[in-house]
Amino acid sequence: MSMPGRRPQRPTRNAPTRKPAIGKARRAQMITTYGVGSMIAIDEASYIVLGLDSWRINDREETSEPRLQRALRVDKLYLPPAESDYHGAGLKRFPEFYACQDCRLLQPYGRFGGRGSKCACNGSLIPSRFVLACDDGHLEDFPYRKWVHRGSPDGAVSCMQDLKMVTTGRTASLRSIQIQCGCGRKASMEGAFRRSELRRLGIRCSGARPWLRDAAKVDCARPPRTLQRGSSAAWFGMVRSSLAIPPWSEKVQTAIDRYYAVWRTSSDQVIAEQAEAAGILKKGITSKQVVDAVRKRARFEDEAITAEPGDLDAELRAEEYEQLLTGTTGEQEYDDFECHPAEGDLPMPQIEQVMKVTRLREVRVLQSFTRVEPPSVADAATRHAALTIGDPEWLPAMEVVGEGVFLRVGEKLLREWEQRDAVRERAGLLIANHAALLQRRADAAGRPAPPTRLTARAILLHTLSHVLINEWSLDSGYSASAMRERLYTDGEMAGLLIYTATSDSAGSLGGIVRQADPDRLARTLRSALRRAEWCSADPLCMESDTGGADSLNLAACHVCSLLPETSCEHNNTLLDRGLLIGWPEYPDAGFFSVR
């Protein structure tokens, strides 16, 4: 998509005026990488993606997923604008501070006297490397003047001499980067990344939101952190997703998507007449079915207005889980979802159900974002940075199509296994580490810690998903990065969906669905579990007490269990081969130890 610079305050659709684009990004990146509030480097400049009120969208690019819209309480979902002179996201220079590569002058971009990206000395300008952020998403320039005048109570306020950023080049450390003031004071950037140092200097979060035009700063008590501008911690998108399942994947429901906003308040007669004019009735759909579909969706939306907000992910997945268990019948036509039981014997006693998902559509929506610490399911409800001023009427979304295989583990066997002392002790290590991580994040942010929802079954099914994806990447024709997992582990749920979901036809070529054939599935399951029994990093991998980021893995490493990050729901954490196939002290305690 094109990314023009200056934008009007109000969202403009199909704007007739042309604005020269200053950069481009793929649609998917506007949800996952360069969403609202993120920083993007274009040539030798740095910009921040402005809020939704500065996006120019195309009305014809509306998509729909009623369950997700109801959960997020928005009226519409739009695909990010494709490349066009008329549609795009707004950008603004950020950070404001730039440094000249020749004279080393450090000041806001607008104060340089040159033309374009040049200083008055004709030196090239580069954006500041450092910014200040808090985990509520606020962002601002690093306070260089206060930093260089530390130790002088009023120096940072009274001194207005020019600042310079000088790199000595002696080492690659922050000590070699010095901030120099015209008054003679100087300080290296060493220690700038320590929270304690910022706190000692009285540097607090200002509550700035530069991605929102004319947005006032808000009071914020969160401790700020120094980040490098290009750091992965500078922006974490909160992306929500759901599968289009019946009744919203029925043929009549997908047919009314483009017209629903108008028909919602129209009479039955008008709906019927316009449905015929639009050619919907030529698809074998009756006018009564169209009217009934419109009224059904309207009732569904009205219920959302009075419903109490709940656990978004849990509600969506519970509905999907029930649909995956029951599948679809031949009585209805479904454009976006088809699911049927795999014929033949089950591959092993621990697997209770296998379903072929021959068609699926997944909708992913950027709900919000945060910084510094990645969001988790447990604390997502308390950490939201605004995408626009006020409540958004729409959100950016992308839709992908694909196919998959759903596996359900036997509930009776699983409950018995979860009660074993050895299993509870081993899973308890990860559960305790996860709870400790949530507590550390909560303490740093001054919030109460949310409870962990991690269980032994969640670790087990997550690890099983990883070893199966790795195995299928060798046998299905898809790479591991082309597959994704969707886990159903809350409460009594005990299933996993492995699927391909891409924005082109490569996600539905049949390679994954074939893996559900009885003989093939039995063979690949046994092969995956055999591979899990031995890792070339053993015995260190299997006997490690903790591993991975924040000590959230046990027997799992890049050699045996980890996946490309786009494939994993939990950033390659909460994994343990031991719960699958046993560990040295208890070789028979794995859920699949007896096969």
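Look up: the structure comes first, before these words.
If you're wondering where the values come from, they're calculated on a predicted model, not measured in any experiment.

## What to know about the overall build of the chain
In terms of helices and strands, the chain carries 16 helices and 22 strands. Out of the 595 residues in the chain, the part that is buried amounts to 52%. For the chain, the share of sequence-separated contacts (at least 6 apart) that also reach a separation of at least 24 residues comes to 71%. Total accessible area computed for the chain in this model is approximately 27,200 Å², and 48% of it derives from carbon and sulfur atoms.

## Describing the nonpolar core
Within the largest apolar cluster, 121 residues are counted, with the highest numbers of intra-cluster contacts made by Trp 55 and Phe 592. Broken down by element, the residue count for this core peaks at ten residues, all from helix 13 (residues 456-475). Every residue in contact with Phe 592, bar those within four places of it in the chain, is listed here: Met 348, Gln 350, Ile 351, Leu 460, Leu 464, Leu 529 and Leu 580. Counting residues in hydrophobic clusters, the runner-up holds 21 residues, among them Cys 159, Leu 163, Leu 201 and Ile 203.

## Brief notes about empty space enclosed by the protein
By the definition in use, this model includes one cavity of 30 Å³ or more. Here the largest cavity is characterised by a volume of approximately 70 Å³. Taken together, ten residues make up the lining of the largest cavity; nearest its centre are Asp 135, Arg 195, Pro 223, Val 372 and Ala 444. Here the element with the most residues in the lining of the largest cavity is helix 12 (residues 421-445); it accounts for three residues. Here the lining of the largest cavity is built from residues that sort into five nonpolar, no polar and five charged.

## Quick notes on unusual backbone geometry
Residue Pro 95 is bonded to the preceding Phe 94 through a cis peptide linkage, with omega at 0°. For Pro 95, the location among the structural elements is in the loop between strand 7 (91-93) and strand 8 (97-100). That bond from Asp 538 to Pro 539 is cis: its omega, 5°, falls within 30 degrees of zero. Mapping Pro 539 onto the fold places it in the loop between helix 14 (518-533) and helix 15 (540-543). A positive phi angle is found at Arg 73, which is not glycine, with a value near 60°. With respect to the helices and strands, the residue Arg 73 is situated in the loop between helix 2 (66-72) and strand 6 (76-78). Although it is not a glycine, Arg 104 adopts a positive phi angle of roughly 70°. Mapped onto the secondary structure, Arg 104 falls in the loop between strand 8 and strand 9 (105-108).

## Re the pattern of salt bridges
Taken as a whole and assessed by the stated rule, the structure comprises 31 salt bridges. The network of salt bridges with shared partners includes Arg 67, Glu 319, Glu 320, Glu 362, Arg 364, Arg 484 and Arg 486.

## Quick notes on the sheet that holds strand 11 (residues 130-133)
Strand order across the open sheet formed by three strands is 12-11-16, with antiparallel pairing between neighbours. With one partner strand each, in any of the chains shown, strand 12 (139-141) and strand 16 (225-228) form the two edges of the open sheet. In this sheet, neighbouring strand axes are inclined to one another by 40° on average, regardless of whether the strands run parallel or antiparallel. Pairing of strand 11 with strand 12, which is carried by three bridges, proceeds in the antiparallel orientation. Residue pairing across strands places Leu 132 opposite Glu 140, the latter belonging to strand 12.

Rules and cut-offs
- Residues numbered from 1 in each chain as written.
- Predicted model: local features only at pLDDT ≥ 70, side-chain atom pairs only at ≥ 80, totals over all residues.
- Heavy atoms only, no water.
- Helix = DSSP H or I, 4+ residues; strand = E, 2+ residues; numbered from the N terminus.
- Buried < 20%, exposed > 50% of the residue type's maximum accessible area, 1.4 Å probe, protein only.
- Contact = heavy atoms within 4.5 Å.
- Areas by Shrake-Rupley, 256 points an atom, 1.4 Å probe, with all protein chains shown as cover.
- Core = buried A, V, L, I, M, F, W, Y, C linked by side-chain atoms within 4.5 Å.
- 1 Å grid on protein atoms, 1.4 Å probe; cavity = no way out; pocket = protein on both sides within 12 Å on 5 of 7 lines; lining within 4 Å.
- Points joined across faces, edges and corners; volume = space filled by probe spheres on them.
- Nonpolar A, V, L, I, M, F, W, Y, C, P; charged D, E, K, R; others polar.
- Salt bridge = Lys/Arg side-chain N within 4 Å of Asp/Glu carboxyl O.
- Pairing = 2+ DSSP bridges.
- Axes fitted to C-alpha atoms, helices over the stretch in contact; angles between N-to-C directions.

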